[in-house]
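Here are the chains, one letter per residue:
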Protein chains: 4
Amino acid sequence: MKRIGILTGGGDAPGLNAVIRAAVKTAINQFGCEVVGIRNGYDGFLEKDGIIPLGVEAVRGILPRGGTILGAANRGNPYARKVIRDGQEVTIDVSDEIVKGIREQKLDALLVLGGDGTLHIAHELARKGVPVIGVPKTIDNDIGGTEITFGFDTALNIATEALDRLHTTAESHHRAMVVELMGRDAGFIALNAGVSGGADVILIPEIPFKFESIMKKIRERADKGRKFSLLAVSEGAKPMGGGQVYSRKGDEVYVPRLGGIGQVVAEYIEDQGFESRVTVLGHVQRGGTPTAFDRWLATRYGAAAVRLAARGGFDRMVALASGEITDIELAKAVAVPKRVNPEGDAVITARNIGISFGDE
Amino acid sequence: MKRIGILTGGGDAPGLNAVIRAAVKTAINQFGCEVVGIRNGYDGFLEKDGIIPLGVEAVRGILPRGGTILGAANRGNPYARKVIRDGQEVTIDVSDEIVKGIREQKLDALLVLGGDGTLHIAHELARKGVPVIGVPKTIDNDIGGTEITFGFDTALNIATEALDRLHTTAESHHRAMVVELMGRDAGFIALNAGVSGGADVILIPEIPFKFESIMKKIRERADKGRKFSLLAVSEGAKPMGGGQVYSRKGDEVYVPRLGGIGQVVAEYIEDQGFESRVTVLGHVQRGGTPTAFDRWLATRYGAAAVRLAARGGFDRMVALASGEITDIELAKAVAVPKRVNPEGDAVITARNIGISFGDE
Amino acid sequence: MKRIGILTGGGDAPGLNAVIRAAVKTAINQFGCEVVGIRNGYDGFLEKDGIIPLGVEAVRGILPRGGTILGAANRGNPYARKVIRDGQEVTIDVSDEIVKGIREQKLDALLVLGGDGTLHIAHELARKGVPVIGVPKTIDNDIGGTEITFGFDTALNIATEALDRLHTTAESHHRAMVVELMGRDAGFIALNAGVSGGADVILIPEIPFKFESIMKKIRERADKGRKFSLLAVSEGAKPMGGGQVYSRKGDEVYVPRLGGIGQVVAEYIEDQGFESRVTVLGHVQRGGTPTAFDRWLATRYGAAAVRLAARGGFDRMVALASGEITDIELAKAVAVPKRVNPEGDAVITARNIGISFGDE
Amino acid sequence: MKRIGILTGGGDAPGLNAVIRAAVKTAINQFGCEVVGIRNGYDGFLEKDGIIPLGVEAVRGILPRGGTILGAANRGNPYARKVIRDGQEVTIDVSDEIVKGIREQKLDALLVLGGDGTLHIAHELARKGVPVIGVPKTIDNDIGGTEITFGFDTALNIATEALDRLHTTAESHHRAMVVELMGRDAGFIALNAGVSGGADVILIPEIPFKFESIMKKIRERADKGRKFSLLAVSEGAKPMGGGQVYSRKGDEVYVPRLGGIGQVVAEYIEDQGFESRVTVLGHVQRGGTPTAFDRWLATRYGAAAVRLAARGGFDRMVALASGEITDIELAKAVAVPKRVNPEGDAVITARNIGISFGDE
């Protein structure tokens, strides 16, 4: 193994730089390899200046930093790239050019740090003969085949701290505080942060909710003298029945393009005569310095990915199982995305301690 | 001085409990006074169970806690209280009842912890003979007569941390990140946090902005290879000319009831073809554990307020001047609210380092 | 199941209150049980006022708080209690009195939250017929039978933040910064925080070190222009050969009673002509608000312990396996304490990225 | 004004990089100046590669970072430099060489960021004709002529958080927790953090203490059922009478070279039969990301220093007065170092709320 490439794809997750650093150090110290970084996801293979050398100097000081020093793809899936040709938007497949670009780089291994989408592409490339190693990355924790991914713990701590802060002010002011959290398809952030931050209601994509159930919980609490409530809402939370969201005065409610269901829930509560405030944490959850756990996991993934490459374990992904680093087939990892189990121990625990999922 | 009352009014500010604790300890240790707390602002004087004894036990452990153990008023100004009489909402003045309630308590001093509104009322009560001492409280830093108030420093740190986190993810993704911060009339939080968090654009109520100026700045940066921008926006930021906010496709733009100008700015940027994301921090800025500075200032205010009461300095407010505790007439303190000086050193510094206020 | 008791034993771990809260809420909401708290560990059964009722009110607001509302034992092992009789210190066994105290309480289950020592005693009590359920607690992560315990993640974040802060100042000043961390017998905190905080040298009890190896690493770095080094040292780190620690000018070095090996290592480095500074974090690592993960795990443990009690699973301990809550026999859990595996993936990763364990 | 130099001297203070960034941006954006950085304090003028260009790129991303990108002096005072000549250590004056180095750089202004010592030298250089502008820097807050300096607020928050964490664990365990804080000559950190963190005893250099007074306070608390105490101790705290520190069993007590008085106090308390633990925060207080306030103040200092240079205000220092940026003569600023006023409002407040300074 003489030359390794690293690329990062998809949205940010705190810990990406820690993976890069560990991979570079392991490749150089342990295997005497050369390492290059591919900038802006797979597109770096198509771009001038898209490939940069990654020596020990390049990764100095990046362990505690959020984001990725390699930049993220901004042009979408290479298998279905939207481009303008003759004044018309058409969808083309640039994957062969990328494979060509990879071949020109004469890489003995390509570490791909990404979420579901990026890892799917990695597996496709592996089928075309690219020596790919996957490293799972998602703050939503929605990747199969691994117990947990880096970025998730950081997101949870940020969300939990926000809930803590809302708690004290909700208490003195008799309000329903709604905080909208990340999680388009998987509700892990809202579920875990909701439990850790003492939420009274948790709304997640996996458990459709009823608007009336929310108010029922808020009123039950008020009747017991608890005049405030705290709601942790996944951006992907959906009302039962779907379709129409919540009808106000006979009309469809406006859903802000850049806000979302959190705002709708807060407005609904206000319409029921209960004071409400909303916080939309947004990308604050994806940025900044990673927690100790995320750095630790990311570092172990980075070093393990290089060791796996050295063993020739291509078309596989490093993973965490029972707290230990292992690896599984990429195909298996991306086969089924992870979701909150509505019957699982975590949801049961939340219900045990009196949290409503808005479904009763 | 034998018996002191303490009440908190208006919105939360981290440090309220620290003031209460210091006042109680000083009154008991130093002056051998009895202390009572008035619950839910001035209304506690009208309510059964509205007055509670505050001994050393009652204030144990509250120093680091956000919110207020006394609760906040939820029924509005006693001079203009909205009530339902004969099925109609009418506005009545209940201040005489409150004065009566105060007299019945035989208080030698009443410490009033509050913002502009609450302190105005305190001054009115003083004119009716209530021995009032004011303690300034506002996370917006908009109270005159004092250099700074507690709560503001905590809000700044929360806002700055959010900007830090957005920074790293904006960098890797080529986006305009908008964060909407508190400040309906005064832009101190957005100004200071914007400078401390490395914002590129700061929009505050005191400096009306032009939508095109925002895009100009974003484009200038993109032209220099800085493909992301960070915007700190006061909830009270206003476009020049006011009135209509921003017209999209010939229509008035929808302004979310519980979101606000931050969302509008983000949607505008997206409409200009530049990817954008919005964070609405909301009440996260008002809650949770106070910073070291806010606890320190709050503790000094609490002790100084009791010492001022012992000296008979009624109808006055404790204040910070040149880093030292002093006191001024309540009437002066509430005469002119504090605003960001658009010509002042802070704004000049921000402009010096290249920050746009959207007004060029 | 009608009546449950809860006690906490041994040193603090952030999350104890979260376990208590979840157990109380689950017992009341789900099983309609009465819950009592036993104060000051097992001794509460012997003390007047040692048993207190734990209703929903009692656990309100304790989720984010460090410490334990039940207090910790301060009088040592009931099987080997040191007491003064006739002016002489003698060791007696008070366990029968405790069993008697437990019987008088007519508990259907006794949840014991504790570390190795406390859980050993719990198992002994179970053999005497007490319906005990164990909940593992240790910031050192040294309890067998579970992947992880609450408190550890919080300790890691505190230690990592300290390393981050030392990093920046070490860099500008050309110094060896030593930080002494908890871990008398197990080096997990120093190992994980060392990796997460970018340490250059990690000293842990499981891998005896040589003083010269430390200087070798520091000098190697200086030769490459890295004039500073960061050392994460377990309080239980031991030099190879043991016995004598480090001889200065022919004399035994003074080991501070309340400081420890971190100080000795720093003084050694200074004696070698290299500037050094020491930080002893001490109990800062055991206190304060738990991280999101620790609250989450603690809450799941608390609820699961009550469910286990309802199923009659006595003499067992709740545990985490593959990220899921399970339970194992107490006897097995306490049979072999957990230690860092010097040949394991974590140590290999640390070595891969260039960290020295002082053993080369 | 065409060319400005910037140097940092003395120990680290969070915010140094924020000053550098603001100065560089202001000089370039506002005055079209060239900026150079001098590495390793004044010594950079003597060293090959000691002068580096500082463009906008060089200061990108440094706002939130601790330490200083320019490095700190490691060779001591240029007026009294210790060197080895003919095998003997001699003290020489290299200041003329430094002045020569400065002249060669043809600087129109030299911004000196430093504490007492560094600013003294700056004033001496100004007397030799160097166009010096001082920027006060000290985490100890011991510089005269300015209300506050950057770095102090960060140190306070770190110290206060440590006290918070110790508080919860002290409470459950009946111990005296001692935390040793920075402050060799000035006790501001221990005083402010002690008040903000709820300490029971504060020991500072300005108020000599008696060992027996400490135990008196601890015992008084224990008598009231408060079985724990928290002590915030400046590293420069001194027992009354000075000289000998504390005699144990007739002998002088050993004072650890790299630990200090905090350890001695903790050992004393243990010798009195009261369990004690010690935390030595050390350089953790000087490093890492600055608080919002420190970034804000540092940014304002940096921009103001350049504006002052443009006005030709040499031999002066930027300062904070009544919350506004101003400037004063360097000579005045360094004439009298700032100390805690034992009769001042802050100490009185601390006593009011029951804190002991160990002097009763």
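Rules used throughout
Residues numbered from 1 in each chain as written. Chains lettered and ligands numbered in written order. Predicted model: local features only at pLDDT ≥ 70, side-chain atom pairs only at ≥ 80, totals over all residues. Contact = placed C-beta atoms within 7 Å. Helix = DSSP H or I, 4+ residues; strand = E, 2+ residues; numbered from the N terminus. Nonpolar A, V, L, I, M, F, W, Y, C, P; charged D, E, K, R; others polar. Least-squares fit on C-alpha atoms with pLDDT ≥ 70 in both. pLDDT = per-residue confidence, 0-100. Pairing = 2+ DSSP bridges. Axes fitted to C-alpha atoms, helices over the stretch in contact; angles between N-to-C directions. Expected span 1.5 Å × (residues − 1). Buried ≥ 20, exposed ≤ 12 C-beta atoms within 10 Å, placed from the backbone. Arc of directions from axis to C-beta. Domains from an automatic or database assignment.

Student: Can you walk me through the interface of chain D and chain C in this structure?
Tutor: Put simply, an interface is often sized by how much accessible area is lost when its parts join up. Facing 39 residues of chain D, the contacting portion of chain C comprises 40 residues. Where the side of chain D that touches chain C is concerned, the elements lending two or more residues are α4 (152-173), α7 (261-271) and β13 (276-280) of chain D. It is α4 of chain D that provides the largest number of residues to the side of chain D that touches chain C, a total of 10 residues. Grouping the amino acids of the side of chain D that touches chain C by side-chain chemistry returns 12 nonpolar, 18 polar and nine charged.

Student: Where do I start with the relation of the copies chain D and chain C in this structure?
Tutor: Two copies of a chain can be linked by a rotation about an axis combined with a shift along that same axis. With an axial shift of 0.0 Å and an RMSD of 0.0 Å, the rotation relating chain D to chain C amounts to 180 degrees. On the angle and the small slide along the axis, the relation comes out as a two-fold axis. By C-alpha distance to the rotation axis, the residue of chain D lying nearest is Val280 of chain D, at 2.4 Å. Of all interface residues in chain D, 100% are interface residues in chain C too; the two copies therefore contact each other through one and the same surface.

Student: Explain the arrangement of the chains here, please?
Tutor: Note that chain B does not reach chain C: the shortest distance linking a C-alpha of one to a C-alpha of the other is 11 Å. Contact between chain A and chain D is absent, and the minimum C-alpha spacing across the pair is 11 Å.

Student: So what exactly am I meant to see when it comes to the confidence of the model for chain A here?
Tutor: Detailed reading of the predicted coordinates is not advisable wherever pLDDT falls low. Residue and element names in this part refer to chain A. Averaged over every residue, the pLDDT of chain A is 91; residues scoring 70 or more account for 95%. Below pLDDT 50 for its whole length, residues 249-254 participates in nine contacts with residues either more than four positions away or in separate chains. Two summary scores accompany this predicted model of the complex, namely pTM at 0.95 and ipTM at 0.93.

Student: Which parts of the structure should I look at to understand the sheet that holds strand β3 (residues 51-53) of chain B?
Tutor: Two modes of strand pairing occur in sheets, parallel and antiparallel, and in both the strands are linked by backbone hydrogen bonds. All names here are of chain B. The strand order β3-β2-β1-β6-β7-β14-β15 describes an open sheet built from seven strands, whose pairing is mixed. Each edge of the open sheet carries a strand with a single partner, namely β3 and β15 (324-329). Strand-to-strand twist in this sheet, taken as the mean axis angle between neighbours without regard to direction, amounts to 30 degrees. The strands touched by helix α8 (residues 292-310) are β1 (3-8), β6 (109-114), β7 (132-136), β14 (316-321) and β15; relative to β14, the strand with the most contacts, the crossing angle is about 140 degrees.

Student: Looking at this structure, how should I read the sheet that holds strand β6 (residues 109-114) of chain A?
Tutor: All names here are of chain A. Ordered by their spatial adjacency, seven strands build an open sheet running β3-β2-β1-β6-β7-β14-β15, and the pairing between neighbours is mixed. For this open sheet the edge positions go to β3 (51-53) and β15 (324-329), each flanked by a neighbour on one side alone. On average, adjacent strands in this sheet sit at an angle of 30 degrees to one another, irrespective of strand direction. Across five bridges, β6 lies against strand β7 (residues 132-136) in parallel orientation. Across the sheet, Leu110 pairs through a bridge with Val132, a residue of β7. Taken strand by strand, helix α1 (residues 16-31) contacts β1 (3-8), β2 (34-38), β6 and β7, and its axis lies near 180 degrees from that of β1.

Student: What exactly am I supposed to notice about helix α6 (residues 211-223) of chain B here?
Tutor: Residues spaced three or four apart along an α-helix point in a common direction, a consequence of the helix completing one turn every 3.6 residues. Residues and elements named next belong to chain B. Helix length check: α6, at 13 residues, gives a terminal C-alpha distance of 19 Å against a target of 18 Å (1.5 Å per residue), a fit within 8%. For α6, the set of buried residues is Ile214, Met215, Lys217 and Ile218. The buried residues of α6 occupy one face: seen down the axis, they fall within an arc of 155 degrees. Within α6, the exposed residues directed more than 90 degrees away from the buried face are Glu212 and Asp223. Next to the buried residues of α6 lie β8 (176-181), β9 (201-203), β10 (229-234) and α7 (261-271).

Student: Looking at this structure, I do not really get the environment of Lys100 of chain A. What am I missing?
Tutor: Mapped onto the elements of the fold, Lys100 of chain A is located in helix α2 (residues 95-104). Once the C-alpha coordinates of Lys100 of chain A and Ala310 of chain A are considered, the two residues, 210 residues apart in sequence, prove to be 23 Å apart.

Student: Sorry, what's going on with the domain arrangement of chain A here?
Tutor: Residue and element names in this part refer to chain A. Annotation of chain A at the domain level lists domain 1 (3-151 + 290-321) and domain 2 (153-286 + 342-352). Between the C-alpha centres of domain 1 and domain 2 there is a distance of 34 Å. Contacts between the two partners involve 13 residues from domain 1 and, on the opposite side, 12 residues from domain 2. Residue composition of the side of domain 1 that touches domain 2, by class: five nonpolar, four polar and four charged.

Student: Even after reading the chapter, I still don't get the interface of chain A and chain B, so can you show me in this structure?
Tutor: Counting residues at the interface gives 39 residues for chain A, matched by 39 residues for chain B. For the side of chain A that touches chain B, the secondary structure elements donating two or more residues are α4 (152-173), α7 (261-271) and β13 (276-280) of chain A. When residues of the side of chain A that touches chain B are assigned to their parent elements, the largest contribution, 10 residues, is made by α4 of chain A. Partitioned by chemical class, the residues of the side of chain A that touches chain B number 12 nonpolar, 18 polar and nine charged.

Student: Honestly, the pairing of strand β4 (residues 81-85) of chain D in this entry has me stumped. Any pointers?
Tutor: All names here are of chain D. Counting buried residues along β4, only zero of its five residues qualify, which leaves the element largely exposed. Looking at chain direction, β4 and strand β5 (residues 88-92) are connected through five bridges and run antiparallel. Counterpart to Ile84 in the pairing with β5 is Glu89. Here β4 folds back onto β5, and the loop between the two strands holds two residues, one of which, Asp86, carries a positive phi near 50 degrees.

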